[in-house]
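Take a look at the letters that make up each chain.
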Amino acid sequence: MAGRHPLLAQQLQEITRDGAIDVERLCEIVSQTYRRLEQAGMPSRASEEPRLGDFADLSSDWFWETDASHRYTFLSDGIRRIGIEPLTQIGKSRWDMFDAEWTRDPAFGAHIEAVDRQEPFADLVFRLKAPGVDGCWISMSGKPRYAATGAFEGYRGTAREIGLQIEADRQLRLSIVAQTGLLEELEKTRERLELALETAAMGWWDFDTRSGEQYWSPRARQIWGVGPEAEPNYETFAAALHPDDRASRGDLLDSRQSVGRRLYRVGLPHGETRYVREDFRIDRRADGTIERIFATVPDLTDIETLRTDAERAKVAAEQANVAKSRFLATMSHEIRTPMNGVLGMVELLAGTLLDARQRSYVEVASQSASDLLGIIDAILDYSRLEAGDMAIETVPFDPSEILKQSVALLTVAAESKGLAVSLEVAPDLPAPLAGDPTRFRQVLLNLIGNAVKFTESGRIDLRLDVEAPASARPLLVVSVADTGIGIAQEALEHLFDRFNQADASIARRFGGSGLGLAISRELALLMGGDIAVRSTLGRGSVFELRLPLVVAVTETPALAGVSGAVHESFRELNVLVAEDNEVNRIVVGELLVRMGHRCTFARDGAEAIALARTNHFDVVLMDAQMPQIDGIEATRWIRTLPAPYNAVPIVAQTANAMRGDREKYIEAGMNDYIAKPIRSAELAAALQRATGAASKPTHARPAASAPASSAARKGLAGFAAELRSATESS
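Thresholds applied
Residues numbered from 1 in each chain as written. Predicted model: local features only at pLDDT ≥ 70, side-chain atom pairs only at ≥ 80, totals over all residues. Heavy atoms only, no water. Pairing = 2+ DSSP bridges. Helix = DSSP H or I, 4+ residues; strand = E, 2+ residues; numbered from the N terminus. Axes fitted to C-alpha atoms, helices over the stretch in contact; angles between N-to-C directions. pLDDT = per-residue confidence, 0-100. Contact = heavy atoms within 4.5 Å. Buried < 20%, exposed > 50% of the residue type's maximum accessible area, 1.4 Å probe, protein only. Polar contact = N/O pair within 3.5 Å; in protein donor to acceptor, adjacent residues only side chain to side chain. Parallel < 35°, antiparallel > 145°, perpendicular 65-115°, else oblique. Left-handed = near helix turned anticlockwise from the far one by under 90°. Nonpolar A, V, L, I, M, F, W, Y, C, P; charged D, E, K, R; others polar. Salt bridge = Lys/Arg side-chain N within 4 Å of Asp/Glu carboxyl O. Phe/Tyr/Trp six-rings, centres within 6.5 Å; stacked < 30°, edge-to-face > 60°. Expected span 1.5 Å × (residues − 1). Patch = residues over 30% accessible without salt bridge, like charges linked within 9 Å, V, L, I, M, F, W, Y side chains within 5 Å. Areas by Shrake-Rupley, 256 points an atom, 1.4 Å probe, with all protein chains shown as cover. Core = buried A, V, L, I, M, F, W, Y, C linked by side-chain atoms within 4.5 Å.

Draft legend 1. Structural context of the sheet that holds strand β3 (residues 121-128). Ordered by their spatial adjacency, 5 strands build an open sheet running β2-β1-β5-β4-β3, and the pairing between neighbours is antiparallel. Every interior strand has two partners, whereas the edge strands, β2 (72-75) and β3, have only one. Strand-to-strand twist across the sheet, computed as the mean angle between neighbouring axes with direction ignored, equals 25°. Here strand β1 (residues 62-66) runs beside strand β5 (residues 152-161); their pairing, made up of 4 bridges, is antiparallel.

Encoded structure:
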């Protein structure tokens, strides 16, 4: 071929030098070759150059040629690769191959304009329309050709099928769109995360050990006091740590943990201290070395401030409770001491010969003093409940016996108003039960006392029963029903509020502090139960005390609230009374003399110790608060005396009636405890518990009238002197 067509051979070598075919260059060479052949007078048809045709057939492209009216005059065999026979298209317009949908594309209009100007075009992409190959994507390039005279003769060019490229481009675009959407979503997620961290006052930092690069979030910079212009690093981080936390914090680069949490303080330049919690995660390489550290750092300063304030408030509250308890103890002592004198003297006076008018005066004074003591006890109980200082004990007791005793105490008041009182106890009530008999009695006395107080006529019905005895949680139910004034429905909601009564007129008409029901309900709650009420205004009320029914398992024969104990016969006792208050010495001394006992007085603890060291006493009545040496210290001294003086029974008589007082006296070595004001029955019971000896009854009135004693004429001092003379001579 090189010998026959040296020019064409040279051109072909140029386009195949690197083993690849440059289609555009091939088209240009073919056109140039045709022109040169024509100028040399040689045949211009492709069929006249078989080797060029063979070479064209080797290409994946095909060659085409049109006349001036754009009808195909030549198509190479390469077009068969897309299923079109070349001869079927000869004479057809090139425009017939274009898909009508594509002709609406702006690119088609630009192509028409270029062809009208007889300009070359390259890489015109369109969808092919031909039988069996609809939708095939083609890329076509062409150049106009001219006759020797310069007249336009048509186009000559190449074409190729680019469906795979189009699909690849489409997939690439979809991938780019998907990646772009993913990046946008990741960016949104990052923004949301940063917003959440910033909203939660939480900073974060990231350390890449490969590059040494650190990133601190704006909030982290704010926590450490680092401005946006500074580049934070480990030295910045460590320098801001509180000196006390640097050693204990350690270096995360030396940590063997994968996740962890640390608490430390950060000191800002202006002196402020921030409390920070660091939650970290450490990523490691396959060899175990650290690759990356990420940590969130929430600012806990406000929480720490609240915690510190709460701790201070707690300490202050505890101190206030201690001060309150001390105040209550002092008030209890200071109030009960003169009340002991009032009630004691009234009781002593009631035991003298009085005419009817005098006796009514004494009874009113006694009742008023008892009411006043009840109010004082209610206020102290309320204060103890409010301070959480009320203890509930669990001992065996008989609730039916306590109910009967409570009814007996209030029967006289009920009968004086003409009220009928009934009591019904369920026959299947188990006994003994376990609970707090003292608080049980206190609640009963309040409920029954209210029924008597607020009932002008009619009756009061009491019932003790068991509810749901076969269930897992049986209840002991005490019902107190009356036909009294009743309670309006709107007042029931606040009936158990402290210092509240159903109607303001009730306080004026019936008296009371409004504490009784509030305290009773809180006591019921402390015992594991509650108090319920239903009432109709003007027709009466029904109060129900419900408590868990717990059967006691005990072998103790003597139960709280159970009467019938066997009393020993009377025996005269030699009693040492340690009391610094003159009035209280008179009251206790007179009660002891009326009980048939002898007494010796000590005015303080030191005198009591001296008397106990040299005298044989059957029992010591020891006041708790005395000058110089108090009752507790005096008791401890007496317990160190040689036998038998150290074994004398000691009974505390004190106005201290707060929680823990009894335990404190027993721990000091005392045998028993009675609270002031002291009643003759309570004193006699305490003496019997300490010595086993009974006392003479003191409630009998004198058989005959006696003239006023010289002590009465001389006043209190004379009475005290007369009493001392009588007790010392006896």
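From this point, things continue past the structure.
Draft legend 2. Structural view of the confidence of the model for the protein. A residue-level look at the protein finds 74% of positions with pLDDT of 70 or above and a mean pLDDT of 76. For the protein, per-element mean pLDDT is lowest for helix α22 (residues 710-714), which scores 37, and highest for strand β18 (residues 574-578), which scores 94. Here residues 41-48 is a poorly scored stretch, pLDDT under 50, and it has 9 contacts once near neighbours within four places are set aside; other chains count. A low-confidence stretch, residues 556-567 stays under pLDDT 50, and its non-local contacts, those more than four residues away or across chains, total 16 contacts.

Draft legend 3. Summary view of the side chain of serine 541. Position of serine 541 relative to the elements: it lies in strand β17 (residues 540-548). For serine 541, a relative accessible area of 6% puts it in the buried group. In this structure the side chain of serine 541 is engaged in a polar contact, spanning 2.7 Å, whose partner is the side chain of serine 535. Filtering out sequence-adjacent residues up to four positions away, serine 541 remains in contact with Val480, Ala481, Asp482, Gly486, Ile487, Arg534 and Ser535.

Draft legend 4. Layout of the pairing of β5. Counting buried positions over the 10 residues of β5 gives 7, a clear majority of the element. The antiparallel pairing of strand β4 (residues 136-146) with β5 creates a hairpin that spans 5 residues between the two strands, and glycine 150 there sits at a positive phi of about 95°.

Draft legend 5. Structural view of the packing of helix α18 (residues 605-614) against helix α19 (residues 631-638). Axis separation between α18 and α19 bottoms out at 9 Å; the angle between their running directions is 20°. Taken together, the axis directions place α18 and α19 in an arrangement best described as roughly parallel. Considering how the two elements wind past one another, α18 and α19 form a crossing that is right-handed. Every residue of α19 that contacts α18 at Gly605, Ile609 and Ala612 is listed here: Ala634, Trp637 and Ile638. Classifying every residue of the contact of α18 with α19 gives 5 nonpolar, 1 polar and no charged.

Draft legend 6. Structural detail: the sheet that holds strand β16 (residues 530-536). Across the sheet, 5 strands lie side by side as β12-β14-β15-β17-β16; this open sheet has mixed pairing. Bordering the open sheet on either side are β12 (420-425) and β16, each of which pairs with just one other strand. For this sheet, the mean angle separating the axes of adjacent strands, direction not counted, is 15°. Both strand β15 (residues 475-482) and β17 contribute to a ladder of 7 bridges, which runs antiparallel. Bridge assignment links leucine 475 to a residue of β17, and that residue is proline 548. In this fold helix α13 (residues 437-453) packs onto β14 (459-467), β15, β16 and β17, with an angle of close to 20° to the strand it touches most, β15.

Draft legend 7. Structural view of the pattern of salt bridges. Evaluated as defined, the whole model comprises 28 salt bridges. Measuring nitrogen to oxygen at the nearest pair gives 2.9 Å for the salt bridge that ties arginine 277 to aspartate 279. Take arginine 277: its relative accessible area is 21%, and that puts it in the partly exposed class. The class for aspartate 279 is buried, based on a relative accessible area of 18%. Two residues, glutamate 544 and arginine 534, come together in a salt bridge whose shortest N-O distance is 3.5 Å. A residue pair is termed long-range when its members are at least 10 positions apart, and glutamate 544 in strand β17 and arginine 534 in strand β16 qualify at 10 residues.

Draft legend 8. Focus on the side chain of glutamine 653. Relative to the helices and strands, glutamine 653 is located in strand β21 (residues 650-654). Those residues in contact with glutamine 653 that lie beyond four places of it in its chain are Val577, Ala578, Glu579, Val588, Leu621, Met622, Asp623, Ala624, Ile674, Lys676 and Ile678.

Draft legend 9. Seen up close, the packing of aromatic side chains. In total, this model carries 7 aromatic pairs according to the counting rule given. Note on tyrosine 146 and phenylalanine 152: the rings are 6.0 Å apart at their centroids and 65° apart in plane angle, and the pair reads as edge-to-face. Looking at tyrosine 146, the relative accessible area reads 39%, which means it is partly exposed. On the basis of relative accessible area, phenylalanine 152 is assigned to the buried category, the value being 19%. The rings of Trp64, Tyr72, Phe121, Tyr146, Phe152 and Tyr155 are connected pair by pair, giving a single aromatic cluster.

Draft legend 10. Looking closely at α13. The terminal C-alpha atoms of α13 lie 24 Å apart, and with 17 residues this matches the ideal 24 Å at 1.5 Å per residue to within 8%. For α13, the set of buried residues is Pro437, Arg439, Phe440, Val443, Leu444, Asn446, Leu447, Ile448, Asn450, Ala451 and Val452. You can read the cap of α13 off the contacts: a side-chain oxygen lies 3.1 Å from the backbone nitrogen of threonine 438, and it is on aspartate 436.

Draft legend 11. Quick look at a nonpolar patch on the surface. Side chains of Leu182, Leu183 and Leu186 sit close together on the surface and give an oily, nonpolar patch of about 320 Å² of accessible area. Secondary-structure assignment places leucine 182 in helix α6 (residues 163-199). For leucine 182, a relative accessible area of 52% translates into the label exposed.

Draft legend 12. Seen up close, the nonpolar core. Core analysis: the biggest nonpolar cluster contains 38 residues, and Leu403, Phe440, Val478, Val480, Phe543 and Leu545 have the highest contact counts within it. Contributing elements (two or more residues each) for this core: α12 (399-416), α13, β14, β15, α14 (489-492), α16 (516-526) and β17. Element by element, the count of residues in this core is highest for α13, at 7 residues. Membership of the second largest hydrophobic core comes to 23 residues, among which are Ile609, Ile650, Tyr665 and Ala668.

Draft legend 13. Geometry of the packing of α12 against α13. As a packed pair, α12 and α13 sit with axes 9 Å apart at the nearest point and diverge in direction by 35°. When you trace α12 past α13, the crossing you get is right-handed. Note on element contacts: α13 touches α12 through Pro437, Phe440, Arg441, Leu444, Leu445, Ile448, Gly449 and Val452, opposite Pro399, Ile402, Leu403, Gln405, Ser406, Val407, Leu409, Leu410, Ala413 and Ala414. Of the residues that constitute the contact of α12 with α13, the class distribution is 14 nonpolar, 3 polar and 1 charged.

Draft legend 14. Seen up close, unusual backbone geometry. Following alanine 643, the chain continues into proline 644 via a peptide bond in cis, with omega recorded as 5°. Inspection of the secondary structure assignment puts proline 644 in the loop between α19 and β21. In the Ramachandran plot, aspartate 123 falls in the positive-phi region, its phi being about 55° despite a non-glycine side chain. Under the relative-accessibility criterion, aspartate 123 is labelled exposed at 52%. With phi around 65°, glutamine 628 is a residue other than glycine that occupies positive phi space. By the element assignment, glutamine 628 lies in the loop between β20 (619-623) and α19.

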